[in-house]
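Residue-level structure breakdown
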Amino acid sequence: MVMASATRTNRTTRTPAPGRHPSSLASLWRSSVGKKAVMAVSGLVMLAYLVAHMLGNLKVFSGPDDINGYAHWLRTLGQPFLHYGWFLWLARLVLLAAVLAHGTAAYQLSRRDLKARPVKYVHQRQRATYATRTMRWGGVILGLFIVWHILDLTTLTVNPAAEEGHPYQNIVASFSTWYSGGIYCLAMLALGLHVRHGFWSAAQTLGANNPRRDRGLKLAANGLALLLTAGFLSVPVAVMAGLVR
Amino acid sequence: MNLTLRIWRQQGPETPGEMTEYRVSGISEDMSFLEMLDTLNEELILRGERPVAFDHDCREGICGACGMVINGQAHGPERTTTCQLHMRHFDDGDTIDVEPWRAGAFPVVRDLMVDRSALDRIIGSGGYVTAPTGSAPEAHATPVPKEAADLAFEHAECIGCGACVAACPNGSAMLFTAAKVVHLNVLPQGAPERASRVRNMVETMDAEGFGGCTNTGECATACPKGIPLTGIARLNREFLRS
Amino acid sequence: MSYLDYTLGEPVADTAAPAGPIEQRWQQRRFEAKLVNPANRRKHTVIVVGTGLAGGAAGATLAEQGYHVVQFCFQDSPRRAHSIAAQGGINAAKNYRNDGDSVRRLFYDTVKGGDFRARESNVHRLAEVSVEIIDQCVAQGVPFAREYGGLLDTRSFGGVQVSRTFYARGQTGQQLLLGAYQALSRQIAAGNVEMHPRTEMLDLLVVDGRARGIVARDLVTGEIRSYTADAVVLATGGYGNVFYLSTNAKNSNATAIWRAHRRGALFANPCFTQIHPTCIPRSGDHQSKLTLMSESLRNDGRIWVPKAKGDTRPPARIPEDERDYYLERIYPAFGNLVPRDIASRAAKVVCDEGRGVGPGGQGVYLDFADAIARLGRDAVEAKYGNLFEMYERITAEDPYTVPMRIYPAIHYTMGGLWVDYDLQTTIPGLFAIGEANFSDHGANRLGASALMQGLADGYFVLPPTLNDYLGRTKLDAVPADHPELTAVEAESADRLNLILAVDGDRTPDSFHRELGELLWEECGMAREEAGLRRALARIPEIREEFWRRIKVPGTGEELNQALEKANRLVDYFELAELMCLDALHRAESCGGHFRTESATPDGEAARRDEEFGYAAAWEFTGTGTAPVLHKEDLVFEHVHPTQRSYA
Ligand SMILES: Cc1cc2nc3c(=O)[nH]c(=O)nc-3n(C[C@H](O)[C@H](O)[C@H](O)COP(=O)(O)OP(=O)(O)OC[C@H]3O[C@@H](n4cnc5c(N)ncnc54)[C@H](O)[C@@H]3O)c2cc1C
Ligand code: HEM
Ligand code: HEM
Ligand code: SF4
Ligand code: F3S
Ligand code: FES
């Protein structure tokens, strides 16, 4: 990508000839609007996963068997067409791709965006940059969280219980430590904020927004954020409060 | 009323600038913001100092020439252009910060004046209908549904002032570009070039060094012509569709 | 010999229009015009100064035809030319309403509206071309107002009884200009137009008797240099800003046409200036410009003042029978839609009687109460919403509930460089289009006709006639070291240096204000011999004071807006002088030029066709020295001069 340095001459940019663009993923990725669309799609994929994930997590409240069974079920899904664990791996692959695409796009776009405003205003207004800043920091927090979360509950590397195949025990063990519980709570708040702007933003980015839908989409974004945050938070909070042990 | 102004003074694109403090008195509340600056400039000239440079022309809110960031807000506290902002929106004794549009794609020319020619180049890359003079069919040959005509008009109102870029934390020209893309793409006249228009304009926008849109919405809040934020959604749709 | 002792020179005549039936002249002219082989057009460079409706349209069209166009404007972008501010609409004889409109009627209305001081053949062509303009603009995507069926909507405008005005809410000029600007931008991107924004023409280069280029100053760096070409087109707009307060954009100025005049182009009818009846009254001395409220408001608004002098009650408390709807009373057939000059003068008369309203009694009401009652607030808002908003922003009064206050203001200049049917000035190779020429509007322009004329000139009239000029003329390249170039560049630089060297104690604006007030007083809505003589005595004094007391800080080698202003003022002084002389010599009333000595018993303008049935084209002889008057006799074969009557 050529980044034109801003000069004040009457330099005319070369006009791209109409219809010269092959409609490819590469050209989509090259343009800021396309990259943003990739981000929105990957974000929505993650979002869909999270809704399911949250519902799955709520099984914690119906006892160890239920959720452990659920973990097992996840791995047998698709059988006999898929082997044991394949579905999970497929899902992991999609998720990994989504996280990578999302994170890379976020990083590249953010760098571009910061460069596009090299001189700050002397008179700063906070409101103007609120959403952008929370999205960037929120995203970073979520990224770090995902790493921690996988080490904690998937690879069990940092998990105090680390009983393979027994997520219930692992979850309870994890949230019984104050730092881990804290990390989860913080991450869930970040998630809420991220989704609150992100869901509406994705609709806008993908061109699904229009004046009639705008309000509805914002409401939906708020609802979804609230739902996810509350749903996810309920588990660590319940564990820390001793309701689930 | 009496005011303290802190104004960004900068000789040229290469020289550093700084906020400089001035006091003005006897400002009438019926004055426009630019007339208030005229008053200051008259005094500066008589003192033998260089007057504050700023762009302006129509002073009616339509040419898009004027524009400064007043107390951190593009075009100031009212939803209008700087030339149509009146001093009745300020109070006696106020201190007012005045800065130029800030964006990498808008280098400062002098003081409050910036170079917005990048916006012209975005238009040149696709913001038109190819209709060479003399080739036009009878105007009534293609009726345009009123709804489409109204939507086109709503977006055609953009005056190219650049406040959206100035207000956007990413220095993005999405709202400006969206305004033109939507104006032309919803009309039957603009249909044949629909796909190439949006792609080329977005490509030029990127190449000029504008930031991307993170859907912050500040642009639409600052826009004196009320170009709706949903215009950006439409631009995105047009882009993805192409 | 004093400036007032002008001499009479040879008459000028338009030799470009073919003879024959008026309906066929334009066709005939285009047929006779020489063509330039498309392959050769690229070799021709044409300079277009200005990017308004006229210049933008011309630049785009010439480039589409293959010419190499070098174009200038002093704004930072071609899109900001003053034309952007036009509100009301554009006329065209489409007869979509089937209300009896036709090319002939538009022609007739324009000649009559211009009070029989325009050239018939030009006006007829304008009416013919008007139809194509709408087609062209619609094809470009100009979002004109439409009806529910999807067809174009029209409205009626001052001075006519048919509905032929196309509009885009209150932003017609903006939308039309953006159409032209977009077409131009396409040509700039394609490399066919070399655009120089923030560059101001300071002088014209005349080599071997032909216009061959301009000298211009880069407003950012201050660099002064020559640009040469095979022909020069001036589309630099009107000179209303000579009055300081006008509805023109702040930076509109007369320098380009005035310098061309100094180089030999005749300047026609400088005193024909138009005063617009519906502007927002000024609110104080700080006022830097006046804001127009589109005349289209007169379609639905009713103009009135209290019947009693000095009635200071708020408008709502003045009962119906104590109001004087004076336009409806005096001109029952046209009512609030009488032409601008008549509406303006009537406003001045009632204010002079002491019945004006608002601060200083310099205003009349424009009341929408009836329209809102009849159509509903929403309909009124749909039509005029943005104008009402603008009014409220400026005055802090809500026109939906309190009647607007309006007052006349300088708006448009019918005078300008004299041109023939080909739009060529008296300097071969120099063309003037749009408001910059003395135009097709005679002594008064009808509403919505300037946009029509600008686009007609730029899109349709100039390109073929310029083609003809280039096709017929053999031109050698002007060498870069030609002495004329260096001489004119040096002259331009010297003048700026002289201004900077004065280092006095008055600002450019203070001089401009003083000159403007004098002109408004003595050469404004009504003119009188004694007043004009006073002005003619005073202007040289102000000019002399200028050269003693002007102060401009900074240098010429940088961006210097005060210097730009001061430099334009130098031309305004000379132009103002010529305007007053023209007004003095034309001892009749016609159109926008009202000489109090020449009125009918009931106070209406009285034309004197026998003596003044000509266009006055002036030749420059030197600053402060008497100019030479060349008359172009006007012949009316198709519309017979009658005293205008709108009663
Ligand atoms: C408020 C307002 C409302 C109006 N409404 C209507 C209406 O509703 N209908 C209608 O028909 N008419 C209307 N008019 C009149 C109409 O707008 C103008 O007559 C018309 O737009 C003039 O167009 P133009 O192309 O001749 O010049 P302009 O638009 O004035 O353009 C002049 C161009 O020349 C350039 N220029 C000038 N001098 C120099 C120089 N020395 N060097 C370089 N560049 C130079 C400028 O940069 C600019 O680009 C209105 C006018 C005003 C003021
Ligand atoms: C790897 C960690 C993450 C990072 C660094 C990150 C960063 C970002 C950033 C910077 C944005 C742009 C903000 C904007 O455009 O307004 C964004 C948008 C978004 N994010 Fe994330 N995010 C991350 C994880 C997630 C997760 C886990 C989800 C799922 C819930 C998610 C969903 C979204 C959505 C839906 C958007 C909106 C896309 C758009 O505006 O078009 N993100 N993210
Ligand atoms: C309190 C809330 C959460 C709980 C209790 C929880 C619990 C778990 C558990 C038990 C697993 C392991 C599943 C298994 O291996 O069978 C897991 C996996 C995972 N979780 Fe969470 N999670 C929570 C919140 C989140 C959040 C907010 C995100 C994303 C931002 C997230 C993303 C993931 C991912 C990516 C995996 C890995 C899936 C895999 O590869 O197996 N989780 N989670
Ligand atoms: S979109 Fe609005 S803020 Fe941006 S340039 Fe256009 S009018 Fe100005
Ligand atoms: S403020 Fe900027 S981030 Fe997008 S929504 Fe507007 S361009
Ligand atoms: S000066 Fe034209 S919009 Fe402000």
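Residues numbered from 1 in each chain as written. Chains lettered and ligands numbered in written order. Predicted model: local features only at pLDDT ≥ 70, side-chain atom pairs only at ≥ 80, totals over all residues. Heavy atoms only, no water.

Quick look at the pattern of salt bridges
A full pass over the atoms with the stated rule returns 79 salt bridges over all chains. Two residues, B:Glu157 and C:Arg169, come together in a salt bridge whose shortest N-O distance is 3.9 Å. Taken together, the residues B:Glu157 in the loop between α3 (146-156) and α4 (163-167) and C:Arg169 in the loop between β6 (165-166) and α6 (172-189) connect one chain to another. Residue classification places B:Glu157 among the buried residues on the basis of a relative accessible area of 12%. Through salt bridges that share partners, C:Asp505, C:Arg506, C:Glu514, C:Arg538, C:Glu541, C:Glu545 and C:Arg549 make up one connected network. (Salt bridge = Lys/Arg side-chain N within 4 Å of Asp/Glu carboxyl O. Helix = DSSP H or I, 4+ residues; strand = E, 2+ residues; numbered from the N terminus. Buried < 20%, exposed > 50% of the residue type's maximum accessible area, 1.4 Å probe, protein only.)

Details of the interface of chain B and chain C
Facing 73 residues of chain B, the contacting portion of chain C comprises 78 residues. Together, the buried faces of chain B and chain C total about 6,100 Å²; carbon and sulfur atoms form 53% of this surface. On the surface where chain B and chain C come into contact, there are seven salt bridges. The partner of C:Arg198 in a salt bridge is B:Asp55, and the shortest N-O contact between them spans 2.8 Å. Across the contact surface, chain B and chain C share 44 residue pairs in polar contact (both at pLDDT 80 or more). For the side of chain B that touches chain C, the secondary structure elements donating two or more residues are α1 (33-46), β6 (108-110), β7 (113-114), α2 (117-124), α3 and α5 (174-185) of chain B. (Contact = heavy atoms within 4.5 Å. Buried area = accessible area lost by both parts, 1.4 Å probe. Polar contact = N/O pair within 3.5 Å; in protein donor to acceptor, adjacent residues only side chain to side chain.)

Brief notes about the coordination of the iron atom of ligand 3
Residues and elements named next belong to chain A. Coordination sphere of the iron atom of ligand 3, protein contribution only: His53 (NE2) and His149 (NE2), at 1.8 to 2.1 Å. Each of the six donor atoms bound to the iron atom of ligand 3 contributes to angles spanning 83 to 178°, and the resulting shape is octahedral. On the criterion of sequence distance, the pair formed by His53 in helix α2 (residues 32-57) and His149 in helix α5 (residues 126-154) is long-range, its members being 96 residues apart. Residue His53 is classed as buried on the basis of its relative accessible area, which comes to 19%. (Donors = N, O, S within 2.8 Å, 3.2 Å for Na, K, Ca; no water. Tetrahedral: all angles 85-135°; square planar, octahedral: opposite > 155°, others 65-115°.)

A look at the site of ligand 1
Around ligand 1, 38 residues are found, and the nearest of them are C:Gln75, C:Ser83, C:Met201, C:Glu435 and C:Leu451. Those residues lying near ligand 1 are distributed over chains B and C. Within the contact set of ligand 1, an oxygen atom lies 2.4 Å away from a side-chain nitrogen or oxygen of C:Ser83. In this structure, C:Gln87 approaches ligand 1 through a main-chain N or O atom, which is 3.3 Å from a nitrogen atom. The protein chains hide 98% of the 1,000 Å² of surface that ligand 1 would expose on its own. Those elements that place two or more of their residues in the shell around ligand 1 are α3 (53-64), β8 (199-207), β17 (404-413) and α12 (450-472) of chain C. With three residues, β8(C) is the largest single contributor of residues to the shell around ligand 1. Partitioning the shell around ligand 1 into residue classes produces 17 nonpolar, 17 polar and four charged. (Near = heavy atom within 4 Å. Areas by Shrake-Rupley, 256 points an atom, 1.4 Å probe, with all protein chains shown as cover. Nonpolar A, V, L, I, M, F, W, Y, C, P; charged D, E, K, R; others polar.)

Looking at the pairing of strand β5 (residues 95-99) of chain B
Residues and elements named next belong to chain B. Burial of β5 is extensive: four of the five residues sit out of reach of the surface. In the sheet, strand β1 (residues 3-9) pairs with β5 via four bridges, with the strands oriented parallel. The partner of Ile7 across the bridge, within β5, is Val98. As paired elements, strand β3 (residues 69-70) and β5 share two bridges and run antiparallel to each other. Directly across from Ile70, in β5, lies its bridge partner Val98. (Pairing = 2+ DSSP bridges.)

With respect to the nonpolar core
Membership of the largest hydrophobic core comes to 249 residues, with the highest contact counts inside it found for B:Phe210, C:Ile90, C:Phe144, C:Leu204, C:Ile214 and C:Val242. Among all residues touching C:Leu204, those that are not within four sequence positions of it are C:Ala211, C:Gly213, C:Ile214, C:Val232, C:Ala260, C:Arg263, C:Ile427, C:Leu430 and C:Val488. Grouped together as the second largest cluster of nonpolar side chains are 27 residues, A:Ile67, A:Leu142, A:Met188 and A:Val239 included. (Core = buried A, V, L, I, M, F, W, Y, C linked by side-chain atoms within 4.5 Å.)

Brief notes about the packing of aromatic side chains
All names here are of chain C. This model, assessed by the stated rule, comprises 29 aromatic pairs over all chains. Between the aromatic rings of Phe72 and Tyr227, the centroid separation amounts to 4.8 Å while the plane-to-plane angle is 75°, which identifies the pairing as edge-to-face. A residue pair is termed long-range when its members are at least 10 positions apart, and Phe72 in strand β3 (residues 68-72) and Tyr227 in strand β10 (residues 224-228) qualify at 155 residues. The same class applies to Phe72 as to Tyr227, namely buried. Here the aromatic rings of Phe431 and Tyr469 are separated by 5.8 Å at their centres, their planes lie at 75°, and the arrangement is edge-to-face. (Phe/Tyr/Trp six-rings, centres within 6.5 Å; stacked < 30°, edge-to-face > 60°.)

Concerning the coordination of the iron atom of ligand 2
Angles at a metal have ideal values that depend on geometry: 109.5 degrees with four tetrahedral donors, 90 or 180 degrees with six octahedral donors. All names here are of chain A. Only His102 (NE2) and His194 (NE2) from the protein coordinate the iron atom of ligand 2, and they sit 2.0 Å from it. Of note is the iron atom of ligand 2, whose six donor atoms meet at the metal with angles of 86 to 179° in an arrangement that counts as octahedral. Here the residue His102 occupies a position in helix α4 (residues 86-115), and His194 occupies one in helix α7 (residues 178-205), the gap between them amounting to 92 residues. Using a relative accessible area of 16% as the deciding quantity, one classes His194 as buried.

Description of the interface of chain A and chain B
With 55 residues of chain A at the contact, the number on the chain B side is 60 residues. Summed over both sides, the interface between chain A and chain B buries roughly 4,500 Å², with carbon and sulfur atoms accounting for 52% of that surface. Our count for the contact surface shared by chain A and chain B stands at two salt bridges. A salt bridge links A:Arg125 to B:Glu218; the shortest N-O distance between them is 3.9 Å.

Observations regarding the state of the cysteines
Scanning the model with the defined rule gives zero disulfides over all chains in all. Considering cysteine sulfurs only, C:Cys580 is the nearest to C:Cys523, which forms no disulfide, with 4.3 Å between them. (Disulfide = S-S within 2.5 Å.)

Description of the confidence of the model for chain B
Confidence in the prediction of chain B, expressed as mean pLDDT, is 96, and 100% of residues score 70 or more. Complex prediction metrics read pTM 0.94 and ipTM 0.93. (pLDDT = per-residue confidence, 0-100.)

Points about the side chain of A:Asn159
Residues and elements named next belong to chain A. For Asn159, the position within the fold is in the loop between α5 and α6 (167-176). Here Asn159 falls in the buried class, since its relative accessible area comes to 6%. Reaching out from Asn159, the side chain makes a polar contact with the backbone nitrogen of Ala162 at a distance of 2.9 Å. In this structure Asn159 touches Leu151, Asp152, Leu153, Asn170, Ala173 and Ser174, once residues within four positions along its chain are discounted.

Here's the deal with α6(C)
Residues and elements named next belong to chain C. With 18 residues, α6 extends 26 Å between its outermost C-alpha atoms, agreeing within 8% with the 26 Å of an ideal straight helix rising 1.5 Å per residue. In terms of residue burial, α6 counts as a mostly covered element, since 16 of its 18 residues are buried. Immediately beyond the C-terminal end of α6, within one or two residues, lies Gly191, with a positive phi of roughly 85°. (Expected span 1.5 Å × (residues − 1).)

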